[in-house]
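What follows is the residue order along each chain.
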Amino acid sequence: MRLDKFFSHLKYGSRRDMKTFFKAEVVKVNGNRITDPAYHIEPGHDDITLNEVAVFYEDPVHLVIHKPPGYLSANRDAIHPCVVELVNPPYDRFDYAIAGRLDLDAEGLMVLTTDGPLAHRITSPNSHLPKTYAVTLEKPFKHDKTLLKGVSVKDGKGRPYMAKALAIEHRDDQVIITIDEGKFHQVKRMFEATGHTVVRLVRLRIGNLALGDLAPGEHRPFKEAELYD
Ligand code: URA
């Protein structure tokens, strides 16, 4: 990869800014000062410093983040704060695809990844990756069997489909439900179909990847194998 592409990719400036960037900043590759924007490097292999500080680079980057309520599952928005804005250095220099959006008022585990095909594999209904949610309802829930058998709900386009829970447990006053799809408002609509209103929705797990003790707004990197192990 060209050195100017590497730095613009990491949002140090546009490709056009790079001419002045290499004059103004001290960029070293394997200890040698480089001022030629076209210099060829191997990201992740060559040792690259900017003003004597190592430049962080990983490819791909996968983050598990604890989305707080009130954050939009998006990169940027004019009205609401967005989950991607919660990403701290050194991970904030990458462009992320969001795998498995959560509603504005929902919370919990979300995956951000620089690997678009992985995001697709996580969200695709064909991948049947189980997703587990802790649900707080407005009144006690006694319809486990109904949801395990399946209820007809509408998808984002208003088309009916059968939504089935793979597992249901009760933990204190919460219902823990596992599904293996992720259609628009699916969990809320499944509970609505039994006459209940979801008052709090927290995603605990996607595949084998768990929220664990990540605090709201926190994130950590993970390896793809953690999803399936
Ligand atoms: N189901 C919902 O209803 N909302 C979410 O955010 C996720 C799953």
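Below you will find a few notes about this structure. None of these values were measured; they are calculated from a predicted model. (Residues numbered from 1 in each chain as written. Predicted model: local features only at pLDDT ≥ 70, side-chain atom pairs only at ≥ 80, totals over all residues. Heavy atoms only, no water.)

**Some points on the layout of surface pockets**
In this structure, the largest pocket encloses a volume near 440 Å³. As for the largest pocket, its lining consists of 23 residues, of which R101, L102, G182, K183 and H185 are closest to the centre. Listed by contribution, the elements that provide at least two residues to the lining of the largest pocket are β8 (131-137), α5 (186-192) and β13 (198-206). Sort the elements by how many residues they give to the lining of the largest pocket and α5 lands first, with three residues. Looking at the lining of the largest pocket residue by residue, the class counts come to eleven nonpolar, six polar and six charged. Lining the lining of the largest pocket are residues from two domains, each supplying at least three of them: domain 2 (59-127 + 208-229) and domain 3 (130-206). The wall of the second largest pocket is formed by K11, N75, R76, V84, E85, V87, D92, F94, D95 and Y96. Residue composition of the lining of the second largest pocket, by class: four nonpolar, one polar and five charged. (1 Å grid on protein atoms, 1.4 Å probe; cavity = no way out; pocket = protein on both sides within 12 Å on 5 of 7 lines; lining within 4 Å. Points joined across faces, edges and corners; volume = space filled by probe spheres on them. Helix = DSSP H or I, 4+ residues; strand = E, 2+ residues; numbered from the N terminus. Nonpolar A, V, L, I, M, F, W, Y, C, P; charged D, E, K, R; others polar. Domains from an automatic or database assignment.)

**Re the site of the ligand**
Every residue close to the ligand is listed here: L102, D103, A106, Y133, H185, Q186, V187, K188 and L201. V187 places a main-chain nitrogen or oxygen 3.1 Å from a nitrogen atom of the ligand. Surface burial for the ligand is 95%, taken as the share of its 240 Å² of free accessible area covered by protein chains. Spatially, the ligand is embedded in the largest pocket. Ranked by the residues each element gives to the shell around the ligand, the list is headed by α5, at three residues. Considering only residue class, the shell around the ligand consists of five nonpolar, two polar and two charged. When residues are assigned to domains, the shell around the ligand turns out to be shared by domain 2 (59-127 + 208-229) and domain 3 (130-206), each giving three or more. (Near = heavy atom within 4 Å. Polar contact = N/O pair within 3.5 Å; in protein donor to acceptor, adjacent residues only side chain to side chain. Areas by Shrake-Rupley, 256 points an atom, 1.4 Å probe, with all protein chains shown as cover. Sits in = over half its atoms within 2 Å of the grid points.)

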